[in-house]
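# Report on the structure
Spelled out, the chains give:
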Amino acid sequence: AWVTPYVLDPNDPQTIFLGYKELYKSTDRGDSWTQLTNLEITNYIRSIAISSSNNQYLYMSDFNKLWKSTDGGSSWLEITNGLPFTSNDITYITIKDDDPNTVWITLGEYNSNKVFQTTDGGASWTDISAGLPPIPVMSIVQNKQNDVDTELYVGTDVGVYQKIGNNNWSSYSTGLPK
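A brief report on the enclosed structure follows.

## Topic: the packing of aromatic side chains
- If you walk through the whole model with that rule in mind, you get two aromatic pairs.
- Here Tyr 153 and Tyr 172 contribute two aromatic rings whose centre-to-centre distance is 5.0 Å and whose plane-to-plane angle is 65 degrees, an arrangement assigned as edge-to-face. One end of the pair, Tyr 153, is in strand E14 (residues 151-156); the other, Tyr 172, is in the segment after strand E16 (170-171), and 19 residues separate them in sequence.
- Accessibility expressed as a relative area gives 16% for Tyr 153, which makes it buried.
- Look at Tyr 172 and you get partly exposed, because its relative accessible area is 43%.
- The ring of Tyr 44 has Lys 21 lying over it, and the distance from NZ or CZ to the ring centre is 5.0 Å.

## Some words on the sheet that holds strand E6 (residues 58-61)
- Judged by pairing direction, the sheet is antiparallel, and its four strands sit side by side in the order E5-E6-E7-E8 without closing on themselves. A strand with exactly one partner marks an edge of an open sheet, and here the two such strands are strand E5 (47-50) and strand E8 (77-78).
- Note: strand E7 (residues 66-69) against E8, two bridges, orientation antiparallel. Bridging from a neighbouring strand, Lys 68 pairs with Leu 77 of E8.

Parameters and conventions
- Residues numbered from 1 in each chain as written.
- Predicted model: local features only at pLDDT ≥ 70, side-chain atom pairs only at ≥ 80, totals over all residues.
- Heavy atoms only, no water.
- Phe/Tyr/Trp six-rings, centres within 6.5 Å; stacked < 30°, edge-to-face > 60°.
- Helix = DSSP H or I, 4+ residues; strand = E, 2+ residues; numbered from the N terminus.
- Buried < 20%, exposed > 50% of the residue type's maximum accessible area, 1.4 Å probe, protein only.
- Lys NZ or Arg CZ within 6 Å of the ring centre and 35° of its normal.
- Pairing = 2+ DSSP bridges.

Honestly, it's all geometry; don't read function into it.
Structure follows, in structure tokens:
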């Protein structure tokens, strides 16, 4: 992948996960590393996410496969078969702040299906792309301070878009460069 992904455990700042051809973990801020996976990943790992509400839940992807762990990375389940699309361009994963089974993924393709959501840990997925232009979406984040509605932001090739609750995406780029 273009950039090697890494994430800090949101509950333990000494623990870091790093993706390359496999996933690695350090519990001493990077002084030593343990290989967690032996999945023989065809492509390089592109995105990693750790649940802040339960750090035993991890998700990772390469360009076209998605995996889930519910035991801190000791075992992995490929959940690609549950995806309602065939893609070779998964770009980002975000886990809902208070629910490790609600996950959003973005795609970097030129079509109308860009952002997908699962609320059951990847068993089923819903397209939540309404309002986005048919361009690549490279990242997605949740505003964790909004405790009334789920508030999401995505970064695209032409700017930032916002989605609050069940509303469609709308441009959030006023004053930002494209």
